There are 2 protein chains.
Amino acid sequence: MQMKVSVIIPAAGQGRRMAAGVSKQFMLLGGEPILKRTLDVFLKEPSVSSVTLVVPEADVGAVSEEFGGGRGKLQPVVAGGRERQDSVYNGLLSLSADTGVVLVHDGVRPFVTGAMIREATQAAIAHGAAVVAIPVNDTLKRVSPGGIIEGGVDREGLWRMQTPQAFRYAILRRAFEKARADGFCGTDEVSLVERLGEKVAVVTGAESNIKITRPEDLALAEMLLAARR
Amino acid sequence: MQMKVSVIIPAAGQGRRMAAGVSKQFMLLGGEPILKRTLDVFLKEPSVSSVTLVVPEADVGAVSEEFGGGRGKLQPVVAGGRERQDSVYNGLLSLSADTGVVLVHDGVRPFVTGAMIREATQAAIAHGAAVVAIPVNDTLKRVSPGGIIEGGVDREGLWRMQTPQAFRYAILRRAFEKARADGFCGTDEVSLVERLGEKVAVVTGAESNIKITRPEDLALAEMLLAARR
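Note that this is a predicted model, so its numbers are computed, not measured.

The rules behind the values
Note that residues are indexed from 1 along each chain, following the sequence as it is written. Both sets of labels track the order of writing: A upward for chains, 1 upward for ligands. Reporting of local features is limited, given that this is a predicted model, to residues whose pLDDT is at least 70; pairs of side-chain atoms are given and counted only at 80 or more, and all residues count toward the totals for whole chains, interfaces and linings. Working from all heavy atoms in the structure, the side-chain values ignore hydrogens and water. In this description, a nonpolar core means a group of buried Ala, Val, Leu, Ile, Met, Phe, Trp, Tyr and Cys residues linked to one another through side-chain atoms lying within 4.5 Å. Note on exposure labels: buried denotes an accessible area under 20% of the residue type's maximum, exposed denotes more than 50%, and partly exposed covers the range between, all computed with a 1.4 Å probe on protein chains only. In DSSP terms, a helix is any run of H or I states spanning at least four residues, a strand is any run of E spanning at least two, and both are numbered starting from the N terminus. In this analysis, two residues are considered to be in contact whenever any of their non-hydrogen atoms come within 4.5 Å of each other. Definition of a polar contact: a pair of N or O atoms within 3.5 Å, with one able to donate and the other able to accept a hydrogen when the atoms are protein atoms, and with sequence-neighbouring residues admitted only if both atoms are side-chain atoms. Copy-to-copy alignment: least squares on C-alpha atoms, limited to residues at pLDDT 70 or above in both. Interaxial angle, 0 to 180 degrees, is taken between N-to-C directions of lines fitted to C-alpha atoms, where a helix line uses only the stretch in contact. By the definition adopted for this analysis, an angle is roughly parallel if under 35 degrees, roughly antiparallel if over 145, roughly perpendicular if from 65 to 115, and oblique otherwise. Note: crossing handedness is left-handed where the near helix turns anticlockwise from the far helix by less than a right angle, and right-handed where it turns clockwise. Residue classes follow a fixed rule: Ala, Val, Leu, Ile, Met, Phe, Trp, Tyr, Cys and Pro count as nonpolar, while Asp, Glu, Lys and Arg count as charged, and any other residue, Gly among them, counts as polar. Summed over both partners, the accessible surface that disappears when two parts come together, traced with a 1.4 Å probe, is what is meant by buried area. The term salt bridge refers to a side-chain nitrogen of Lys or Arg lying within 4 Å of a carboxyl oxygen of Asp or Glu. Scored between 0 and 100, pLDDT is the confidence that the predictor attaches to each residue. Note on aromatic pairs: the rings of Phe, Tyr and Trp (six-membered ring only in Trp) are paired at centre separations within 6.5 Å, and the planes decide the class, stacked below 30 degrees, edge-to-face beyond 60, tilted for the rest. Comment: the charge-over-ring label is applied if NZ (Lys) or CZ (Arg) is within 6 Å of the ring centre and within 35 degrees of the ring normal. A pair of strands is considered paired only if DSSP assigns at least 2 bridges between the two.

It is worth spelling out the nonpolar core at this point. Residues and elements named next belong to chain A. Residues I9, L35, F42, V51, L53, V55 and L103 are the most contacted members of the largest nonpolar core, which totals 31 residues. Secondary-structure elements contributing two or more residues to this core are β1 (4-10), α1 (34-44), β4 (50-55), α2 (60-67), β6 (99-104), α4 (114-127), β7 (129-135) and β11 (201-204). For this core, the leading source of residues is α4, giving five residues. Here V51 is in contact with V7, I9, L39, F42, L43, K73, L74 and Q75, once residues within four sequence places are set aside.

Here it is as structure tokens:
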């Protein structure tokens with residue numbers, strides 16, 4: 001049986017680390033908004049049934065007009081909340097009840113691939129929840145606010161989380177209901193599912209699947225894009 | 001007073017993760033050996049006085065011939081030891097006694113910049129020891145060998161170590177003598193200096209200062225290089 005795969009792309013952040021006049025998801029990468037590039041990967045991926053963008057309330061009209069919300073796979077654009085978690089929850093509430101798997105993906109991670117999307121989906125079906133990640137290959141140290149090394153951290157078995165994060169719909173719904181009941185605010189959806197005691201599997205992403213949050217990330221992204229052409 | 005700055009580039013590893021017939025430092029990046037590209041950054045940097053390559057004993061002759069060991073800033077090529085630490089030690093023993101600051105840099109990190117070299121050198125002069133590093137921006141999780149998440153790690157204050165690592169000559173000598181006396185083998189030179197109880201400062205590197213150890217790193221490196229052109 002083919003499960004319905006729905007994607008939520010939260011892009012309601014203010015991009016405070018960019019220090020530019022425009023939110024990071026709307027900054028241009030190779031002449032197109034970063035969010036548009038991210039969105040297009042999911043729209044083109046055959047295994048994906050629907051995609052829901054979550055943007056700041058003030059931007060819902062403009063984004064709907066520019067990106068064509070409500071046409072084809074792209075669902076009507078949803079207004080975000082105060083925190084990322086609130087935004088994803090708003091997106092989750094908008095999904096139809098026949099959804100089998102929900103993927104959550106950062107709006108500012110445009111180098112995601114079809115293979116990552118499919119592998120995360122398959123792992124979520126098999127295990128209940130899965131996240132794209134890469135192993136830590138660098139030596140890690142804990143550094144004081146003054147910039148002096150204070151000690152090391154064992155990197156054995158450590159992975160850096162990326163997105164998409166993928167979940168069976170019922171598990172993600174339960175995870176959000178519990179987090180809201182408990183007043184818990186996590187950094188990502190995986191942290192909510194872990195609180196249920198549910199297993200989360202890891203699938204291997206890529207170094208190039210970067211999150212664009214700082215000016216130097218955008219410079220690297222332009223390089224990655226230029227090299228792909 | 002201008003301190004003499006000497007650089008040691010250990011490139012004596014076998015590149016087991018590359019699974020190619022040639023050691024990773026001699027693999028081609030944009031048509032040139034990775035090691036040659038790394039070396040050239042240091043040879044072109046005016047603040048650097050001397051550069052010493054450490055390669056597998058069997059390669060000393062070929063590397064000397066190809067890269068011109070003993071000409072200009074480039075010192076005679078040194079034979080490496082069994083572990084990275086042994087190779088750096090061999091390089092250290094070959095330096096002249098008037099060396100003020102020693103930089104150690106991975107042979108397979110060709111995207112180091114002049115600014116990183118100068119900042120690491122200045123921080124070593126100021127603090128005794130310094131390392132180029134970047135803050136961890138990703139959520140980290142500990143993952144079981146079976147690929148299931150076991151728990152989180154607080155990323156606050158965590159940095160990923162890169163190279164160059166820079167040291168006042170006397171401190172690095174003492175660090176090596178103590179490690180050898182104790183039979184201690186560390187992952188890098190910083191770990192040896194920490195055992196002395198000496199401070200190690202951090203200076204900010206860049207995401208693009210990658211270490212090329214796996215096939216996917218080489219693919220990313222080719223992209224970075226292509227985009228620079």
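It is worth spelling out the side chain of R214 of chain B at this point. Tracing the sequence through the fold places R214 of chain B in the loop between β11 (201-204) and α7 (215-228). A distance of 2.6 Å separates the side chain of R214 of chain B from the side chain of D217 of chain B, its partner in a polar contact.

We now examine the environment of F26 of chain A. Residue and element names in this part refer to chain A. When you line up the elements, F26 lands in the loop between β1 and β2 (28-29). In sequence terms F26 and D182 are 156 residues apart; their C-alpha atoms lie 33 Å from each other. Excluding residues that lie within four positions of it along the chain, F26 makes contacts with P33, L35, V55, D59 and V63.

After a rotation of 180° and a shift along the axis of 0.0 Å, chain A superposes on chain B with an RMSD of 0.0 Å. The two molecules are tied by a two-fold rotation axis, judged by turn and shift. The rotation axis passes nearest to the C-alpha of A227 of chain A in chain A, at a distance of 2.8 Å. The fraction of interface residues of chain A whose copies in chain B are also interface residues reaches 98%, indicating that both copies meet through the same surface.

Helix packing geometry: the angle between the two helix axes and the distance between the axes. All names here are of chain B. With their axes 11 Å apart at the nearest point, helix α3 (residues 84-93) and helix α5 (residues 169-182) run at an angle of 135° to one another. Taken together, the axis directions place α3 and α5 in an arrangement best described as oblique. The chirality of how α3 crosses α5 is left-handed. Side by side, α3 and α5 meet where Q85, D86, V88, Y89, L92 and L93 of the first sit next to Y169, L172, R173, F176, E177, A179 and R180 of the second. Across the contact of α3 with α5, the residue classes break down as eight nonpolar, one polar and four charged.

With that out of the way, let us pick up the interface of chain A and chain B. On the side of chain B, 40 residues touch chain A, which itself brings 41 residues to the contact. Carbon and sulfur atoms supply 57% of the area that chain A and chain B bury against each other, a total of about 3600 Å² over both sides. Three residues, K141, I149 and R160 of chain A, lead the burial of chain A against chain B; their summed loss comes to 15% of the area buried on that side. Here R160 of chain B and D138 of chain A are joined by a salt bridge, their closest N and O atoms 2.8 Å apart.

Here chain A averages 92 in pLDDT, and 96% of its residues register 70 or above. In the model output, the complex is listed with pTM 0.86 alongside ipTM 0.90.

This part covers the packing of aromatic side chains. Taken as a whole and judged by the stated rule, the model has two aromatic pairs over all chains. In this structure, R195 of chain B is placed above the aromatic ring of F184 of chain B, and the distance from its NZ or CZ to the ring centre is 4.3 Å.

What follows concerns the environment of R155 of chain B. All names here are of chain B. Within the secondary structure, R155 is located in the loop between β9 (149-153) and β10 (158-168). Classification of R155 by relative accessible area gives partly exposed; the value is 32%. R155 has contacts with V136, N137, D138 and T139, leaving out every residue within four places of it along the chain. A polar side-chain atom of R155 sits 3.0 Å from the main-chain carbonyl oxygen of N137.

Let us look at the pattern of salt bridges. Pairing is possible between side chains that carry opposite charge, provided their charged atoms lie close to one another. Residues and elements named next belong to chain A. Taken as a whole and assessed by the stated rule, the structure comprises 32 salt bridges over all chains. With its nearest N and O atoms 3.5 Å apart, the salt bridge here joins E177 to R173. Of the two residues, E177 and R173 both sit in helix α5 (residues 169-182), four residues apart, roughly one turn of that helix. Judged by relative accessible area, E177 falls into the partly exposed class, the value being 35%.

What follows covers the pairing of strand β1 (residues 4-10) of chain B. Residue and element names in this part refer to chain B. Among the seven residues in β1, six count as buried, and that is most of the element. In this sheet, strand β6 (residues 99-104) lies alongside β1 in parallel orientation, the contact comprising five bridges. In the strand pairing of β6, S6 is matched with V102. Two elements, β1 and strand β4 (residues 50-55), share five bridges in a ladder whose sense is parallel. Paired with S6 across the two strands is S50, which belongs to β4.

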